[in-house]
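Spelled out from the first residue to the last, the chains are:
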Amino acid sequence: MDFGLDETQQSVADLAATVLGGDSDGNRAEQAFAGPAGYDETLWKAMGQAGLLSLAVPTELGGDGLGPVEVACVLTEVGRQILPVPALATLSLGVLPLTMLAPVELQQALLPEVTDGRVLSGAIRADIRAEGDAEGVGTVLLTGTARGVPYALQAHRVLLPTTVGVYAVDPRGEGVTCVRTPTSSKSPEYTVSMRQAPVTRSELVSTDVRAAERLALAGAAALADGVLAGALELTARHLRERHQFGRTVSVRIRRGPRCAPTIRACVST
């Protein structure tokens, strides 16, 4: 089985590397995380202008109509540079579930402005109970908690799994509270609590909670793949520049296909 990138996927990976390359800076990341937005707004805007945020958005909504593998190529490069942008939250937890699972009306309501930098987010798992109309015809009241939700308060909508399906919840809506929790990276992460928060059928993304979970895990795996690749490159750079016993330590890295095996395995599981 060939897990290599095709021509389109390689072009996406190259474009992402060009837009994101050279921006890895620990101080810059720390300043961005501590700022009011919680991310590097200039870089996020550049990603939008390059079309990296709308790859999976349907063509009729102004995107390119591509899929999870192309998104994974972007997330891998974000991870490689360890950049302070809400790429995993927006693309993997938000855009992909919406484009692959949500009804057209909800896509039309939430996706067009992603290109311009609208932030979306979601949770991989949550303990949220839905009360009321189990068929999703009328209003449903959500009660429970989702922990470790990235950029929840910065997001326009947060996709949360419940006992009856995944809902696109307004983090500033009635009955919803977001409390920021400490993280080792200092990136914005929140505990989202709901107490009889009302949602309607129009906000139901899908009843297939597992499918949304697989997309989220696949994106996280792609990002982690990039982080590991970046760490390996930093280690190799250190070894190339290091002298031991009066000689330079040499190292060779063989690079294989990026992100494709990970994302395909996660999505198809």
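As shown above, the structure is provided for reference.
Residues numbered from 1 in each chain as written. Predicted model: local features only at pLDDT ≥ 70, side-chain atom pairs only at ≥ 80, totals over all residues. Heavy atoms only, no water.

Colleague: Help me out: how do you make sense of the overall build of the protein chain in this one?
Modeller: The helix and strand inventory of the protein chain stands at eight helices and ten strands. Buried residues in the protein chain amount to 48% of all 269 residues. Taking as baseline every contact in the protein chain between residues at least 6 positions apart, the subset at least 24 positions apart corresponds to 71%. Counting only carbon and sulfur atoms, one obtains 51% of the accessible surface of the protein chain, whose full area is about 13,300 Å². (Helix = DSSP H or I, 4+ residues; strand = E, 2+ residues; numbered from the N terminus. Buried < 20%, exposed > 50% of the residue type's maximum accessible area, 1.4 Å probe, protein only. Contact = heavy atoms within 4.5 Å. Areas by Shrake-Rupley, 256 points an atom, 1.4 Å probe, with all protein chains shown as cover.)

Colleague: Would you take a moment to explain the sheet that holds strand β5 (residues 166–169) for this structure?
Modeller: Strand pairing in a sheet is mediated by backbone hydrogen bonds. Such pairs are either parallel or antiparallel. Spatially, β1-β4-β5-β8 is the arrangement adopted by the four strands of the open sheet, whose pairing is mixed. If you trace the sheet from one side to the other, it starts and ends with β1 (120–122) and β8 (204–206), each paired once. Taken pair by pair, the neighbouring strands of this sheet meet at an average axis angle of 25°, ignoring direction. Two elements, β5 and β8, share two bridges in a ladder whose sense is antiparallel. Among the inter-strand pairings, V166 is bridged to a residue of β8, identified as S206. Contacting β1, β4 (157–161) and β8, helix α5 (residues 87–101) crosses the sheet at an angle of about 90° to β1. (Pairing = 2+ DSSP bridges. Axes fitted to C-alpha atoms, helices over the stretch in contact; angles between N-to-C directions.)

Colleague: Would you mind showing me how to read the pattern of salt bridges here?
Modeller: A side chain with one charge may pair with a side chain of the opposite charge, provided their charged atoms come close. Within the structure shown, the criterion is met by six salt bridges. A salt bridge links D170 to R157; the nearest nitrogen and oxygen atoms lie 3.8 Å apart. With D170 in the loop between β5 and β6 (176–180) and R157 in strand β4, the pair connects residues that are 13 residues apart, well separated along the chain. Note on D170: relative accessible area 26%, which makes it partly exposed. What makes R157 buried here is its relative accessible area of 18%. (Salt bridge = Lys/Arg side-chain N within 4 Å of Asp/Glu carboxyl O.)

Colleague: Help me understand the sheet that holds strand β3 (residues 140–150) in this model?
Modeller: Strand order in this open sheet of four strands is β2-β3-β7-β6, and the pairing throughout is antiparallel. Edge strands, defined here as strands with exactly one partner in the open sheet, are β2 (127–132) and β6. Taken over all neighbouring pairs, the strand axes of this sheet differ in orientation by 10° on average, direction set aside.

Colleague: What is the right way to read the side chain of E213 from this model?
Modeller: Inspection of the secondary structure assignment puts E213 in helix α7 (residues 209–241). Excluding anything up to four places from it in sequence, E213 contacts I124 and R125.

Colleague: Where do I start with the nonpolar core in this structure?
Modeller: Looking at soluble globular proteins, one finds that nonpolar side chains tend to be buried together. Residues M47, V74, L98, L142 and L160 are the most contacted members of the largest nonpolar core, which totals 70 residues. Broken down by element, the residue count for this core peaks at seven residues, all from helix α4 (residues 68–81). (Core = buried A, V, L, I, M, F, W, Y, C linked by side-chain atoms within 4.5 Å.)

Colleague: Even after reading the chapter, I still don't get the pairing of β5, so can you show me in this structure?
Modeller: Put simply, side chains in a regular strand alternate between the two faces of the sheet. The alternating pattern of β5 places V166 and A168 on one face and Y167 and V169 on the opposite face, and all of these are buried. Both β4 and β5 contribute to a ladder of four bridges, which runs antiparallel. The residue of β5 that forms the bridge with L160 is Y167. What sits between β4 and β5 in their antiparallel hairpin is a turn of four residues, with G165 showing a positive phi close to 155°.

Colleague: Whenever I open this one, unusual backbone geometry confuses me. Can you help?
Modeller: Only a minority of non-glycine residues have a phi that is not negative, and only a minority of peptide bonds are not trans. Phi angles above zero are rare outside glycine, and Y151 is one such case at about 55°. Mapped onto the fold, Y151 is located in the loop between β3 and β4. Given the relative accessible area of 5%, Y151 is considered buried. We note that Q196 has phi near 50°; this positive angle belongs to a residue other than glycine. As for its placement among the helices and strands, Q196 is situated in strand β7 (residues 189–199).

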